[in-house]
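# Coordinate analysis (summary)
What follows is the residue order along each chain.
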Amino acid sequence: MTNDRLYKPTMMFFRLCNSLATFQFIMNTLFHNQIASRELTVYMDDMAMHTSPKEGETHEEHLKRHQKIVNEVLTILEQNSLYLNINKCEFEQPHIDFLGVCIENNQMKMEDAKIEKVRDWTPPRNLKEVR
């Protein structure tokens, strides 16, 4: 703090330990309600907002509810001077790749690129190859 203004840091303080855990704690605290209602998943600086249509809800009503959640998240980010890289953002996607998992139609599966080596692995033919 100086006589003419308050300076706020834009990054972690030098020698601050556990900065990743601190950042994750901040994100969990800011988005507690959205995480608790299972509308948002946050892992470090990766965020996924996800909703499913409720019973009897039209596509337009579902989309409107999803957009409301997106708006809430963006407002919380703005209020806390946190920013998104717009080039890395995707909105209203029916399919997302998040932390090595493909999510689509209420189903989760591993990305094919992550499992292809295990899938194409030749089985051992003798005891020496097992070891």
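Preceding this section is the structure that the text describes.
The paragraphs below set out a description of the structure included in this document. (Residues numbered from 1 in each chain as written. Predicted model: local features only at pLDDT ≥ 70, side-chain atom pairs only at ≥ 80, totals over all residues. Heavy atoms only, no water.)

### What about the overall build of the protein?
We count it as follows: The helix count covers DSSP runs of H or I at least four residues long, the strand count covers runs of E at least two residues long, and both are numbered beginning at the N terminus. The rule is simple: take the accessible area with a 1.4 Å probe, protein chains only, and divide by the maximum for that residue type; under 20% is buried, over 50% is exposed, in between is partly exposed. Working rule for contacts: check all heavy atoms of both residues, and any pair within 4.5 Å makes them a contact. We get accessible surface area from the Shrake-Rupley algorithm with a probe of 1.4 Å; when it comes to residues, only the shown protein chains can shield them.
The number of helices and strands found in the protein is 5 helices and 5 strands. Listed by position from the N terminus, the elements making up the protein come as α-α-β-β-α-β-β-β-α-α. When the 131 residues of the protein are sorted by exposure, 17% land in the buried category. Considering only intrachain contacts with a sequence separation of at least 6, the fraction spanning at least 24 residues in the protein is 29%. Summed over its atoms, the accessible surface of the protein is roughly 11,700 Å², and 54% of this surface lies on carbon and sulfur atoms.

### Examining the pairing of strand E3 (residues 95-98)
What counts is decided by this rule: For two strands to be treated as a pair, DSSP must find no fewer than two bridges joining them.
The sheet contact formed by E3 and strand E4 (residues 101-104) spans 4 bridges and is antiparallel. Among the inter-strand pairings, Phe 98 is bridged to a residue of E4, identified as Val 101. The antiparallel hairpin formed by E3 and E4 contains 2 residues in its connecting segment, where Leu 99 sits at a positive phi of about 55 degrees.

### Some words on the sheet that holds E4
Which entries qualify depends on this criterion: Every angle, taken between N-to-C directions, lies between 0 and 180 degrees, and every axis is a line fitted to C-alpha atoms, over only the stretch in contact when it is a helix.
The 3 strands lie next to each other as E3-E4-E5, forming an open sheet whose pairing is antiparallel. The sheet is open, and its two borders are formed by E3 and strand E5 (107-110), each paired with just one other strand. For this sheet, the mean angle separating the axes of adjacent strands, direction not counted, is 25 degrees. Examined bridge by bridge, E4 and E5 share 4 bridges and lie antiparallel to one another. Looking at the pairing, Glu 104 lines up with Gln 107 of E5.

### Observations regarding the side chain of Gln 24
Within the secondary structure layout, Gln 24 lies in helix H1 (residues 19-30). The class for Gln 24 is buried, based on a relative accessible area of 14%.

### With respect to the pattern of salt bridges
Test applied: Only one rule defines a salt bridge in this text: a Lys or Arg side-chain nitrogen within 4 Å of an Asp or Glu carboxyl oxygen.
Tallied over the full model, the rule gives 4 salt bridges. The salt bridge involving Lys 68 is made with Glu 72; its shortest N-O contact spans 3.9 Å. One end of the pair is Lys 68 and the other is Glu 72, both in helix H3 (residues 59-79) and 4 residues apart, which spans about a single turn. Residue Lys 68 is classed as exposed on the basis of its relative accessible area of 55%. For Arg 119, the salt bridge goes to Asp 120, with nearest N and O atoms at 3.7 Å.

### Observations regarding unusual backbone geometry
Here the phi dihedral of Arg 38 falls at roughly 60 degrees; this positive angle occurs in a residue that is not glycine. Along the chain, the position of Arg 38 falls in the loop between helix H2 (32-36) and strand E1 (40-43). Owing to a relative accessible area of 69%, Arg 38 belongs among the exposed residues under this scheme. Residue Glu 92 is not a glycine yet carries a positive backbone phi of 50 degrees. Among the structural elements, Glu 92 can be located in the loop between H3 and E3. Overall, Glu 92 belongs to the partly exposed group, its relative accessible area being 46%.

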